[in-house]
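The primary structure of each chain is shown beneath.
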Amino acid sequence: MHKLIDDFIAMNQAGLVLELCEKYYAEDVIMLNNGKVFAKSMRESYDKQKGFVSSIKEFTVELVSKTIDGNVAELTFNYKMMNSDSTLNEFTGKHIQTWKNDKIIKEEYVSV
């Protein structure tokens with residue numbers, strides 16, 4: 001599991017968000033964003049993130065913390081993103097992921 005998480009982190013830091021969806025999220029993944037359902041499948045998540053990802057001109061993603069306990073990973077990142085309209089967005093987010101059969105079956109994203 002540690003190798004999967006390390007690869008997930010590297011892909012996130014490289015800005016490969018859509019590729020992460022296809023590689024690591026189960027088809028029927030449940031994704032929450034600050035307590036509200038964001039997506040009920042990998043495809044729904046991919047489609048929602050596609051527009052956002054295409055609007056990013058520059059980005060920096062820094063890992064703040066990583067904890068793995070059994071099949072649950074908790075990853076916190078600092079994000080800094082410049083949109084195509086030169087708007088700068090900076091935020092910190094925690095991803096709490098439940099893994100099964102090398103795929104994320106549930107992810108809770110929380111702004112911190």
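Structure: above.
A brief structural summary. (Residues numbered from 1 in each chain as written. Predicted model: local features only at pLDDT ≥ 70, side-chain atom pairs only at ≥ 80, totals over all residues. Heavy atoms only, no water.)

**Examining the nonpolar core**
Core analysis: the largest hydrophobic core is formed by 24 residues, its most contacted members being Phe8, Tyr24, Tyr25, Trp99 and Ile104. Of all the secondary-structure elements, those providing two or more residues to this core are helix H1 (2-13), helix H2 (17-24), strand E1 (25-33), helix H3 (42-54), strand E3 (56-69) and strand E4 (72-83). (Core = buried A, V, L, I, M, F, W, Y, C linked by side-chain atoms within 4.5 Å. Buried < 20%, exposed > 50% of the residue type's maximum accessible area, 1.4 Å probe, protein only. Helix = DSSP H or I, 4+ residues; strand = E, 2+ residues; numbered from the N terminus.)

**Considering the environment of Thr60**
Mapped onto the secondary structure, Thr60 falls in strand E3. Residue classification places Thr60 among the partly exposed positions, given a relative accessible area of 47%. Taking the C-alpha atoms as reference points, Thr60 and Asn12, 48 residues apart in sequence, are found 9.8 Å from one another. Beyond its immediate sequence surroundings of up to four residues, Thr60 is in contact with Asn78, Tyr79 and Lys80. (Contact = heavy atoms within 4.5 Å.)

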